[in-house]
Amino acid sequence: MNTDTTKSSRKAQIDALLLKLPGVSARKINGLDAYFVSDRMFACISGDGVGLRLPAATATELQFSRYNVVPFQPGGMASTREWIQINCAEVAEYEKDLQLFRASIEFVKAGRTR
């Protein structure tokens, strides 16, 4: 029960961070709490992290340059080049990555696939 409370609190804190960004909405997709802009998913909560869609080159660079960035593999699914997962022990740490969340929103809104 404590785990459910922790997950609920974590989601509420991530909601507070991401839903204040212009045009962002939230809904569940395939059991994941996901965040959308222009009806396209740009981020979602998975395990102890937040998955984020970015240009492949940016995603690769982040995986090699940051200790807390790993390939995004929700439920053991195969990872893709455009998705990473940022793992932060405290939700407040995601505030430091707001520029990455904004970059993800712009990338998804532009509809680029490469």
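Before any of the text, the structure's been laid out above.
Residues numbered from 1 in each chain as written. Predicted model: local features only at pLDDT ≥ 70, side-chain atom pairs only at ≥ 80, totals over all residues. Heavy atoms only, no water.

A. Highlighting the overall build of the chain. Counting its secondary structure elements, the chain contains three helices and six strands. Secondary structure elements in the chain, listed N-terminal to C-terminal, are α-β-β-β-β-α-β-β-α. For a compact globule of 114 residues, the expected C-alpha radius of gyration is about 13 Å, and the chain comes in at 13 Å, within 12% of that figure. When its C-alpha atoms are laid out on the principal axes, the chain stretches across 40 × 30 × 25 Å. Of all 114 residues assigned to the chain, the portion counted as buried reaches 40%. Of the roughly 6,700 Å² that the chain leaves accessible, carbon and sulfur atoms contribute 52%. Of note, the chain has its 15 positive side-chain charges centred 6 Å away from the centre of its 12 negative side-chain charges. (Helix = DSSP H or I, 4+ residues; strand = E, 2+ residues; numbered from the N terminus. Rg over C-alpha atoms; globule rule 2.2 N^0.38 Å. Buried < 20%, exposed > 50% of the residue type's maximum accessible area, 1.4 Å probe, protein only. Areas by Shrake-Rupley, 256 points an atom, 1.4 Å probe, with all protein chains shown as cover. Lys, Arg positive; Asp, Glu negative; His and termini not counted. Charge placed at Lys NZ, Arg CZ, Asp CG, Glu CD.)

B. Layout of the environment of A56. Among the structural elements, A56 can be located in helix 2 (residues 56–65). Since its relative accessible area comes to 9%, A56 is described here as buried. Measuring from C-alpha to C-alpha, the distance between A56 and N68 comes to 17 Å, with 12 residues separating the pair along the chain. Ignoring sequence-local partners within four residues, the contact set of A56 consists of R81 and E82. (Contact = heavy atoms within 4.5 Å.)

C. Representation of the sheet that holds strand 3 (residues 40–46) in the model. Strand order in the open sheet formed by six strands is 1-2-3-4-6-5, and the pairing between neighbours is antiparallel. Edge positions in the sheet fall to strand 1 (24–29) and strand 5 (69–71), since each has one partner strand and no second. Neighbour to neighbour, the strand axes of the sheet diverge by 30 degrees on average, direction disregarded. As paired strands, strand 5 and strand 6 (residues 83–87) are joined by three bridges and run antiparallel to one another. (Pairing = 2+ DSSP bridges. Axes fitted to C-alpha atoms, helices over the stretch in contact; angles between N-to-C directions.)

D. View of the layout of surface pockets. In this structure, the largest pocket spans a volume of roughly 280 Å³. For the largest pocket, the lining is made up of 13 residues, of which K7, R10, D33, I45 and G47 are closest to its centre. When residues of the lining of the largest pocket are traced back to their parent elements, those giving at least two are helix 1 (2–18), strand 2 (32–37) and strand 3. The leading source of residues in the lining of the largest pocket is helix 1, at five residues. Of the residues that constitute the lining of the largest pocket, the class distribution is two nonpolar, five polar and six charged. The volume enclosed by the second largest pocket comes to roughly 210 Å³. Forming the walls of the second largest pocket are I29, N30, L32, M41, C44, F72, P74, M77, A78, S79, T80 and W83. When the residues that make up the lining of the second largest pocket are grouped by side-chain class, the tally is nine nonpolar, three polar and no charged. (1 Å grid on protein atoms, 1.4 Å probe; cavity = no way out; pocket = protein on both sides within 12 Å on 5 of 7 lines; lining within 4 Å. Points joined across faces, edges and corners; volume = space filled by probe spheres on them. Nonpolar A, V, L, I, M, F, W, Y, C, P; charged D, E, K, R; others polar.)

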